[in-house]
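The lines below spell out each chain.
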Amino acid sequence: MKKIISLILAGAMTAALVTGCGSTQSDSNAAASDVASETLSDGVLTVGTNAEFPPFEYVGDNGQPDGFDIALIKAIGEELGVEVVIENMEFDSLVSSIGSKTDVAIAGMTVTEERQQSVDFSEPYYNAVQHVLIPADSTIATYDDLLGKTIGCQLGTTGDFIIEEIEGATDQQYNKAVDAVNDLVNGRLDAVIVDSNPAGVFAANFPDQIKDLNGEDFGFGIEEYAIALPKGDTALKEAIDVAITNMKEDGTFDKLVDEYME
Ligand code: ARG
């Protein structure tokens, strides 16, 4: 018995020696909690979101924000040993609130060069593409079909920026994407441009009235979602990136995908 234990110990020590200068999972775990970010020093991470973007964030039956992003940031908070406080606000205010009203933002937010002027981003955690929602009887099928059309979107989103570039199109901005979808159903819009997963959720609410077209067929590129962070807070970025990597490795991330995505 004793011999077996010492063999196991010897094995463990060799493993520790061999991996000593590499980064093992427990090393990275240690790194996450050792990093001293000012932002985390009060033990609270205040997180801005816009809970109008299912399945990433929405207001749950209990009136509280819920969804994939909310679960993800809570899991990150747990890993970092801080309490997560969610602030639900307009999407368009999320970036400017970082550093004043909030510490970070999680909102299915696409990494863009323009946003990178004012905030940093975590490692990307999800890919998406803009989708085009149209009335079931619409003939819109290509990018050129969108020229000169009246197209709805959520204000300040990448869908909004795409519409701005469509020649002759009227860009109809809403505070919530769901309001654009309702106007599409009511015949006030020719199309709505919104991210893939929410597009699927919204279209499923009106199976007979709405068609959900993949924006890749319109030439729209792949977008990466990441957590927006205060510019220059490298310690916070490091801590959050390590937490995301750990969750991807230990299966926590996939569990959340299974739980929240269709
Ligand atoms: N991915 C798009 C963007 O970053 C839309 C995000 C909207 N998110 C939300 N929670 N309403 O602009």
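What you see is a predicted model, and the numbers here were worked out from it, not measured in a lab. (Residues numbered from 1 in each chain as written. Predicted model: local features only at pLDDT ≥ 70, side-chain atom pairs only at ≥ 80, totals over all residues. Heavy atoms only, no water.)

### Examining the overall build of the chain
Okay, so step 1: When you go through the chain residue by residue, the secondary structure sums to 10 helices and 15 strands.
Okay, so step 2: Buried residues in the chain amount to 48% of all 262 residues.
Okay, so step 3: Accessible surface computed for the chain: about 12900 Å², of which carbon and sulfur atoms make up 49%. (Helix = DSSP H or I, 4+ residues; strand = E, 2+ residues; numbered from the N terminus. Buried < 20%, exposed > 50% of the residue type's maximum accessible area, 1.4 Å probe, protein only. Areas by Shrake-Rupley, 256 points an atom, 1.4 Å probe, with all protein chains shown as cover.)

### Remarks on the sheet that holds strand S4 (residues 65-66)
Hydrogen bonds between backbone atoms are what pair the strands of a sheet, whose relative direction is either parallel or antiparallel.
Okay, so step 1: Overall, antiparallel pairing links the 3 strands, which are arranged S2-S3-S4 in an open sheet. The open sheet has two edge strands with one neighbour each: strand S2 (52-53) and S4.
Okay, so step 2: Relative to S4, strand S3 (residues 57-59) is paired through 2 bridges, and the arrangement is antiparallel. Paired with Val59 across the bridge in S4 is Pro65. (Pairing = 2+ DSSP bridges.)

### So, the nonpolar core
In summary, soluble globular proteins display a tendency toward joint burial of nonpolar side chains.
Okay, so step 1: With 32 residues, the main nonpolar core has Phe68, Leu72, Ile76, Tyr125, Ile227 and Ile240 as its most contacted residues.
Okay, so step 2: At the level of secondary structure, the elements contributing two or more residues to this core comprise strand S1 (44-49), helix H3 (68-80), strand S8 (126-128), helix H9 (234-249) and helix H10 (252-260).
Okay, so step 3: Element by element, the count of residues in this core is highest for H3, at 7 residues.
Okay, so step 4: Look past the residues within four positions of Ile76 in its chain and what remains in contact with it is Ile227, Ile240, Ala243, Ile244 and Met247.
Okay, so step 5: Grouped together as the second largest cluster of nonpolar side chains are 16 residues, Ile134, Ile140, Ala169 and Ile193 included. (Core = buried A, V, L, I, M, F, W, Y, C linked by side-chain atoms within 4.5 Å. Contact = heavy atoms within 4.5 Å.)

### A closer look at the pattern of salt bridges
Between side chains of opposite charge, a pair can form when the charged atoms approach closely.
Okay, so step 1: Enumeration over the complete set of coordinates arrives at 4 salt bridges.
Okay, so step 2: Asp183 is paired through a salt bridge with Arg188; the nearest N and O atoms lie 2.6 Å apart.
Okay, so step 3: Assessed through its relative accessible area of 54%, Arg188 is described here as exposed.
Okay, so step 4: For Lys237, the salt bridge is made with Asp241, and the minimal N-O distance between the two is 2.8 Å. Of this pair, Lys237 and Asp241 both sit in helix H9, 4 residues apart, which is roughly one turn of the helix.
Okay, so step 5: Exposure remark for Lys237: the relative accessible area of 24% places this residue in the partly exposed category. (Salt bridge = Lys/Arg side-chain N within 4 Å of Asp/Glu carboxyl O.)

### Digging into the sheet that holds strand S9 (residues 130-135)
Okay, so step 1: Strand order in this open sheet of 5 strands is S11-S10-S12-S9-S13, and the pairing throughout is mixed. With partners counted over all chains shown, the strands left at the sheet margins are strand S11 (170-174) and strand S13 (210-214), one partner each. In this sheet, adjacent strand axes meet at a mean angle of 30° when their direction is disregarded.
Okay, so step 2: Strands S9, strand S10 (150-154), S11 and strand S12 (191-195) of the sheet are contacted by helix H6 (residues 158-165), whose axis makes an angle of about 155° with S10.
Okay, so step 3: Helix H7 (residues 177-185) rests against S9, S10, S11, S12 and S13 of the sheet, and its axis sits at about 150° to S12. (Axes fitted to C-alpha atoms, helices over the stretch in contact; angles between N-to-C directions.)

Read these as spatial facts, not as claims about activity.
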